[in-house]
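Per-entry structural report
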Amino acid sequence: MSAVRNGNAAAGSGPGAPADLLVHGGTVLTVDAAGTVLSDGAVAVRDGEIVAVGPADEVRAAHRAAEEIDAAGCLVLPGLVNTHTHLAMTLLRGHADDLDLQGFLGRVVPRESELLSPEAVTAGLRLAVAESVRGGVTTALDMYWFNESAARTARDTGWRLLSGPTFMDVPGPPDRMPYGDRMAWARRNLDGRDASPGTRPVVFAHSVYTLDAAQLTDIATLAREYGALLHLHAAENAAEVVTVRERYGKRPVELLESLGLLGPDTLLAHAVELSDPEIAALAATGTGVAHCPVSNLKLGCGIARVPELLRQGVRVGLGTDGAVSSNALDMMGALGMAALVHKAGGDPTAVGAEQAVRMATIEGARALGLDGQLGSLEVGKRADLAVLDLGGTHLAPRHDPWSTLAYSARAGDVRDTVVDGRVLMRDRRLTTLDEAAATADVEALLRTG
């Protein structure tokens, strides 16, 4: 457990240097490599970038800020990174409960074909952004249909979204695009992406059971051509493993390894059903895993072998999955569940509080290949942070900030959220989104759709 201490986490600029935003007076949980915690710290921001982190008196003396956030009585932490979700599935929240994965897909996929459109994804995405910002989430990796609409909506709200073309060979896809046309569309999509700081190109291949081996190979070739992250579902439950083994004679991760699809630019969602050799393959190739403990439990998929993955050095981030399979985009809930569920095997140290917080922040950024820009409060990184109000009785007393965050804090404790230096929520009021309108738009869409 990292000690709480006063001291500079990073040097700032010269006296009176201008800043756009100064967050000061709270306990700053930097989540840097040393686990530095500043009991009365401050973060200075200019042009969307962190320019100073350190004791509040020193940082405030060195910087003149156009805007300030007084974080006294609060915990300042890096923005949470959601490494696997389907954001516009907010439209279907509560539509497919108490089902296993295969039953869930059987109910959701046909409904998506009926309901989804660019306008529907825009409406669902706005609701998802509002929920995410309220919970201190500043970045999400979003696999879903009509990604152009999602990217545009996120950009309009100032929120950090990693999206890209999705491949899923199913009858009657929502975009009505024949699979044969999808590769050319994906190239246009990638060529036209907004290459903002803190993002990277992403290509989504839904799974090894909705795409065949040749399709998976072609998609991976496209991703590598663009230097993109390749993201796909794999080994989510035992039934999937049986299906893939009957089709190919290999387990899902074995198949991906045989096709040359594992590697540092590949991120697998879920990875619940892994054999020892598959874990070794993920470690040897540098492949990342997006762990979604709430969704895995709700769908009865099981508990991923995260302690073993971590012991072998696999990069593991946290995700919420969509709001159908988890019913919430609550990364605080995922963080707390990750710290708890792996103790069920009898080892209370299996995933500790600090490790869980890191999985929700810097390790999530590392899984995306963006840890040089996101995931911790350090000079030179993008200014993504959350301010968590420590005033609730459920947070008192506070002996250790990592434990407070992992075991006691809730999404509703987040008071302020900042993305790229822009305050998207101040004093629990969203600044770039009308929540009531977003909710009303979704409800109106569902009445007519």
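Anyway, here's the lowdown on the structure attached to this text. (Residues numbered from 1 in each chain as written. Predicted model: local features only at pLDDT ≥ 70, side-chain atom pairs only at ≥ 80, totals over all residues. Heavy atoms only, no water.)

1. A few points about helix α7 (residues 238–248)
Quick note on the threshold: Think of it in three bands: with a 1.4 Å probe and only protein chains considered, a residue is buried below 20% of the maximum accessible area for its type, exposed above 50%, and partly exposed in between. A helix here means a DSSP run of H or I that spans at least four residues, while a strand means a run of E at least two residues long, and both kinds are numbered starting from the N terminus. Within this analysis, the arc is defined by the directions that extend from the helix axis to the C-beta atoms. By the convention used here, residues are in contact when the closest approach between their heavy atoms is within 4.5 Å.
All of the buried residues in α7 are E240, V241 and V244. One side of α7 carries all its buried residues, which in axial view fall inside an arc of 100°. On its buried face, α7 is in contact with α2 (101–115), β11 (229–234) and α8 (252–258). Once α7 finishes, G249 follows within two positions and takes phi at roughly 75°, a positive value.

2. Comments concerning the sheet that holds strand β6 (residues 80–85)
Which entries qualify depends on this criterion: Think of it this way: DSSP has to see at least two bridges between two strands before they count as a pair. Axis definition: a line fitted to C-alpha atoms, limited for helices to the stretch in contact. Angles are taken between N-to-C directions and run from 0 to 180 degrees.
If you trace the three strands from one edge of the open sheet to the other, you get β6-β7-β8, paired in parallel fashion. The sheet is open, and its two borders are formed by β6 and β8 (160–162), each paired with just one other strand. Strand-to-strand, the axes of this sheet are offset by a mean angle of 20°, without reference to chain direction. Pairing geometry for strand β7 (residues 137–142) and β8, over three bridges, is parallel. Residue pairing across strands places T139 opposite R160, the latter belonging to β8.

3. Overview of the nonpolar core
Counted only if it meets this: Note on terminology: a nonpolar core comprises buried Ala, Val, Leu, Ile, Met, Phe, Trp, Tyr and Cys residues joined through side-chain atoms within 4.5 Å.
In this structure, W159, V203, L230, L282, L388 and L405 are the most contacted members of the largest nonpolar core, which totals 111 residues. Among the elements that line this core, the one with the most residues is helix α3 (residues 118–134), at nine residues. If we skip the residues at most four places from it in the chain, V203 touches P165, F167, L190, I219, L222, A223, A228, L229, L230 and H231. By size, the runner-up hydrophobic cluster in this structure holds 18 residues, among which are V28, V43, V45 and A71.

4. Brief notes about the sheet that holds strand β13 (residues 288–291)
A sheet is described by the order of its strands in space; here six strands give the open sequence β9-β10-β11-β12-β13-β14, paired in parallel fashion. If you trace the sheet from one side to the other, it starts and ends with β9 (166–167) and β14 (316–318), each paired once. Across the face of the sheet, helix α6 (residues 213–225) comes into contact with β9, β10 (202–207) and β11 while running at roughly 165° to β10.

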